[in-house]
Amino acid sequence: VSTMNAKTSSRSEEEASGMRNETLGESGCLGEAKRGHVIRVAYVIAALDLTFLFMQMGVMPYLAKSLGLDSVGFGYLQTIFGVLQLAGGYIFGRFADQFGARAALILSCVSGSVFFLLMSLSTSIPLLFLSRLPGVFMHGIPGAQKVITDMTTSSQRAGALGKLGFCFGVGIIAGSVLGGVLSTKFGIYVPMYVGLVGSLINTLIAMVCIPSQTKPESDHHMTENSDLFSIREILRLMKFPGVMEVFIVKVFAGLPIGLFMIMFSIISMDFFGLEAVESGYLMSYIGVLQMVVQGLVVGKLSSHCTEMTLLRLSVFVFAGVGLGMALMRTVWHYCVIAVPLVFAFSMLATITDSILTKAVPSSDTG
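Below or above, wherever it landed, is the structure these notes cover. Please read all numbers here as calculations on a predicted model, not as lab measurements.

Counting its regular elements, the protein contains 15 helices and zero strands. With 366 residues in all, the protein has 50% of them scored as buried.

As for its placement among the helices and strands, W332 is situated in helix α15 (residues 331–359). When its relative accessible area of 65% is taken as the criterion, W332 is described as exposed.

Before going further, it helps to spend a moment on the packing of aromatic side chains. Going through the model one piece at a time under the given rule, you end up with five aromatic pairs. Arranged with centres 5.9 Å apart and planes meeting at 40°, the rings of F81 and F115 form a pair that is tilted. One end of the pair, F81, is in helix α3 (residues 71–99); the other, F115, is in helix α4 (residues 101–120), with 34 residues separating them in the sequence. Classification of F81 as buried rests on a relative accessible area of 10%. Judged by its relative accessible area of 0%, F115 falls in the buried class. Ring geometry for F95 against F99: centres 4.8 Å apart, planes inclined by 40°, an arrangement best described as tilted. Linking F95 with F99, this pair stays in helix α3, spanning four residues, or about one helical turn. What makes F99 partly exposed here is its relative accessible area of 45%.

This next bit is on the nonpolar core. Judged by nonpolar contacts, the single largest core of 88 residues is most densely connected at F54, L164, F260 and Y334. In terms of residue count, helix α2 (residues 32–66) provides more of this core than any other element does, 18 residues in total. Taken domain by domain, the makeup of this core includes at least three residues from each of domain 1 (21–213) and domain 2 (230–365). Setting aside residues no more than four positions away along its own chain, L164 makes contact with Y43, A46, I141, A144, Q145 and I148.

The next subject is the environment of T152. Summarising the element assignment, T152 is placed in the loop between α6 (140–150) and α7 (154–186). It is 9.3 Å that separates the C-alpha atoms of T152 and G36, two residues lying 116 residues apart in sequence.

The end-to-end C-alpha distance of α15, which contains 29 residues, comes to 41 Å, matching closely the 42 Å that a straight helix rising 1.5 Å per residue would cover. At A338, α15 shows its largest bend, some 35°, and a proline, P340, comes one to four positions later.

Looking now at the environment of L50. In this structure, L50 sits in helix α2. C-alpha of L50 to C-alpha of I173: the two residues are 123 residues apart in sequence and 9.7 Å apart in space. Other than its neighbours up to four places away in sequence, L50 contacts I141, C167, F168 and G171.

Once that is clear, we can look at the packing of α2 against α4. The angle between the axes and the distance between the axes are what describe a pair of packed helices. Between α2 and α4, whose axes approach to 12 Å, the crossing angle comes to 25°. In this view, α2 runs roughly parallel relative to α4, as classed from their interaxial angle. Here α2 runs over α4; the crossing is left-handed. Residue-level contacts link I45, D49, F52, L53, Q56, M60 and L63 of α2 to L105, S108, C109, F115, F116 and M119 of α4.

For the rest of this paragraph, the subject is the pattern of salt bridges. Opposite charge on two side chains makes pairing possible when the charged atoms of those side chains draw close. Scanning the entire structure with this criterion turns up one salt bridge. We note a salt bridge from K146 to D150, for which the minimum N-O separation is 3.3 Å. Of the two residues, K146 and D150 both sit in helix α6, four residues apart, roughly one turn of that helix. Note on accessibility: K146 and D150 belong to one class, buried.

Of note, S111 is situated in helix α4. Once residues within four sequence positions are removed from consideration, S111 is found in contact with P134, F137 and M138.

Along the polypeptide, T51 turns up in helix α2. By relative accessible area, T51 is classed as buried at 8%. Reaching out from T51, the side chain makes a polar contact with the backbone oxygen of A47 at a distance of 2.8 Å. Sequence-distant contacts of T51, that is, excluding residues within four places in its chain, are made with V170, G171, A174, G175 and L178.

Parameters and conventions
Residues numbered from 1 in each chain as written. Predicted model: local features only at pLDDT ≥ 70, side-chain atom pairs only at ≥ 80, totals over all residues. Heavy atoms only, no water. Helix = DSSP H or I, 4+ residues; strand = E, 2+ residues; numbered from the N terminus. Buried < 20%, exposed > 50% of the residue type's maximum accessible area, 1.4 Å probe, protein only. Phe/Tyr/Trp six-rings, centres within 6.5 Å; stacked < 30°, edge-to-face > 60°. Core = buried A, V, L, I, M, F, W, Y, C linked by side-chain atoms within 4.5 Å. Domains from an automatic or database assignment. Contact = heavy atoms within 4.5 Å. Expected span 1.5 Å × (residues − 1). Bend = angle between axes of the 7 residues up to and from the residue. Axes fitted to C-alpha atoms, helices over the stretch in contact; angles between N-to-C directions. Parallel < 35°, antiparallel > 145°, perpendicular 65-115°, else oblique. Left-handed = near helix turned anticlockwise from the far one by under 90°. Salt bridge = Lys/Arg side-chain N within 4 Å of Asp/Glu carboxyl O. Polar contact = N/O pair within 3.5 Å; in protein donor to acceptor, adjacent residues only side chain to side chain.

Pasting the structure below:
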């Protein structure tokens, strides 16, 4: 009986996917040109969001140090931000499913504005910790992914999502350089002012250029009555074939690198002994690698290899990267390790997002 149910469920998913592809490909609520325009706007929003995020990441340890916070306290500060991002990720995804990608992007941009406003007012350690709270809804990349997922067919999705890696590279390069230069030339709080204005501009772009409903109308009705905070919804999604396994791989393979990226600013300052501008240049190097790998490597490999093969490859490379990081001693060692690091990170993010969004109904891609 369970086998028959599984087959019936699989057929239903395939039929739903086929209907969705037909809707997007033929009629759809938006024309092909309009969908392409909206996707390009999502790329712009993601690139700007990442630029402002990395701008403050490069400056944050120096601001914290100027306020009297030591390395341990800074670790607590970044941990709080990471926990808030983790806890808010599920809520943000359910919010996007119920209220649409446009509302989710606006929520993310408004949260970013509040985040930078509080940072610009952070003249004491308690205020600095308080500024982390809006991070619970700061999910510009997932918001852009939601737009792209809603407006592409299954065959187009991996390539479209992969281009977000290019936006990631642009954000690292521009944000790291701007953060270092602005803080050195004009003061430690100037990057926060720029981030505040930029986040407000991003909010306006999302309000004006993203349609109120990006997914097919039939998919929208399926999520109208679902609970925003339901644990049962998570468990339901995890029961789809392959979702639990890929999700676990994504979390456990990405967690160590995520922790390293969160603490990279303090590592560059205390372990490598770099100044703000030098740290910005190092992050820009990572951004260049990201753009090269995403543009020249990931796309070609995804067209010649299966997604599961590439997923296994990224996990294997991550294991080697972890060993290399444990042994590195100088900034030059890190520059060498960064090449496989960026490759594995880009591949894992692109492939897991593609697999997961194909495995669940389009109404639950958030």
